[in-house]
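A structural walkthrough
Single-letter residue listing:
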Amino acid sequence: MRAGALSVRWEPRAAAVCGALALVAASAAVLVVGSGEFPISPPDVVRALAGQADQATEFIVTTLRLPRAVTGLLAGLALGLSGAIFQSVSRNPLGSPDLIGFTTGSASGALLQILVFGGGAVAITVSSVAGSVLTAMGVYLVAYRRGGGVHGVRLVLIGVAAAAMLQALNSYLITRAELREGYEAAFWLTGSLNGRDWDQAVPLGIALAVLVPAALLLARPLGMGELGDDAAQALGVPVQRTRALLTVAGVGLVAAATAAAGPVPFVALAAPQLARRMTRRPGAQLLPAALTGAALLATADLISLHLPVAMPVGVVTGVLGGAYLAWLLSTTGRKGMA
């Protein structure tokens, strides 16, 4: 499909997958809004969103519960898209911001603000974003080689080392904290959507409105980059500049998501791989990965609300993601031995 200088490749299966994922994500969000001490049926939730319910129901839906569901959808979308970017840039299925230190750096920034400087919600958000950005800059600069740029494997290995060091810093900060502050920090580190309101959802939405179109515009050179640096350069792709721009977009996405919902684990790792398997297409599937992330986080939030014991959403994604990671490593190992 072409319009002037712009063209879009139409893939029926990918479009169907995106539609199904959007439906799953929206359905899970509606069920999340209807869950709680005062349960609301899905039709009543939809009527409240349309402004056709009674005043009490509209207040519960739009004021108390909708911000949590919207934050979950947007954070999942950001994490899924960020994971797809970094896995493609590194050409490694383990090249996720969870594993290469960017999420951990964001958590370190927030913990410093919570435990050392004693800042409020706005300061914690700013420090979280700053921590992710500074970590990404450090990893990128260390991985950069003059003349050769940044190689994917080198980026992953240095990122894993940075994540280990930052995790040690986070553990040290918690052990030195007062009991109340340590509990608050530990709860934030699990990743949670509890108590989220429009103060978290609106800034996250603004960040995505800027970063998502920028990432999608770079989808084509990103896909060409997976052919290898030499092949991509032969096709006219400025590899290092494209990789730097994609890294900025990916870091911005994961920083915005972590600032809003905490370091929710494994969504960025699993979403791109699941999207690639559902679409059955090679290369970076940015939009399917983003929608997969939104569906995963919304579904995990729904599960957390209906467990016998209340748990943050990060615990649910950690359990599901750990099982997925074990499966991914086992299947990759079998293919490698074959």
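Keep in mind that what you see is a predicted model, and the values were worked out from it rather than measured.

**A short note on empty space enclosed by the protein**
- A complete count under the given rule lists two cavities of 30 Å³ or more for this structure.
- If you add up the space inside the second largest cavity, you get close to 60 Å³.
- If you list the elements that add at least two residues to the lining of the second largest cavity, you get helix H3 (55-90) and helix H12 (267-279).

**A look at unusual backbone geometry**
- Phi at Phe266 is positive, roughly 75°, even though this residue is not glycine.
- As for its placement among the helices and strands, Phe266 is situated in the loop between helix H11 (239-261) and H12.
- A residue is classified by how much of its surface remains accessible, and Phe266, at 19% relative accessible area, is buried.

**Some points on H12**
- A rise of 1.5 Å per residue sets the reference length of H12, with its 13 residues, at 18 Å; its end C-alpha atoms lie 18 Å apart and thus fit the reference within 8%.
- Following H12 by one or two positions, Arg280 adopts a phi angle in the positive range, close to 55°.

**Observations concerning the confidence of the model for the protein**
- Chain-level statistics for the protein give a pLDDT mean of 83 and a share of 87% at 70 or above.
- Within the protein, the element-level pLDDT minimum falls on strand S1 (residues 2-3), averaging 56, and the maximum on helix H13 (residues 286-306), averaging 92.

**A short note on the pattern of salt bridges**
- Going through the model one piece at a time under the given rule, you end up with two salt bridges.
- Where Arg47 meets Asp44, a salt bridge forms, and the shortest distance between an N and an O atom there is 2.3 Å. Of this pair, Arg47 and Asp44 are both found in helix H2 (residues 42-49), three residues apart, which corresponds to roughly one turn of the helix.
- The class of Arg47 is partly exposed, set by a relative accessible area of 39%.
- Its salt-bridge partner being Arg68, residue Asp301 comes within 2.6 Å of it at the nearest N-O pair. Taken as a pair, Asp301 in helix H13 and Arg68 in helix H3 lie far apart in primary sequence, 233 residues in all. Each of the two residues, Asp301 as well as Arg68, counts as buried.

Rules used in this analysis
Residues numbered from 1 in each chain as written. Predicted model: local features only at pLDDT ≥ 70, side-chain atom pairs only at ≥ 80, totals over all residues. Heavy atoms only, no water. 1 Å grid on protein atoms, 1.4 Å probe; cavity = no way out; pocket = protein on both sides within 12 Å on 5 of 7 lines; lining within 4 Å. Points joined across faces, edges and corners; volume = space filled by probe spheres on them. Helix = DSSP H or I, 4+ residues; strand = E, 2+ residues; numbered from the N terminus. Buried < 20%, exposed > 50% of the residue type's maximum accessible area, 1.4 Å probe, protein only. Expected span 1.5 Å × (residues − 1). pLDDT = per-residue confidence, 0-100. Salt bridge = Lys/Arg side-chain N within 4 Å of Asp/Glu carboxyl O.

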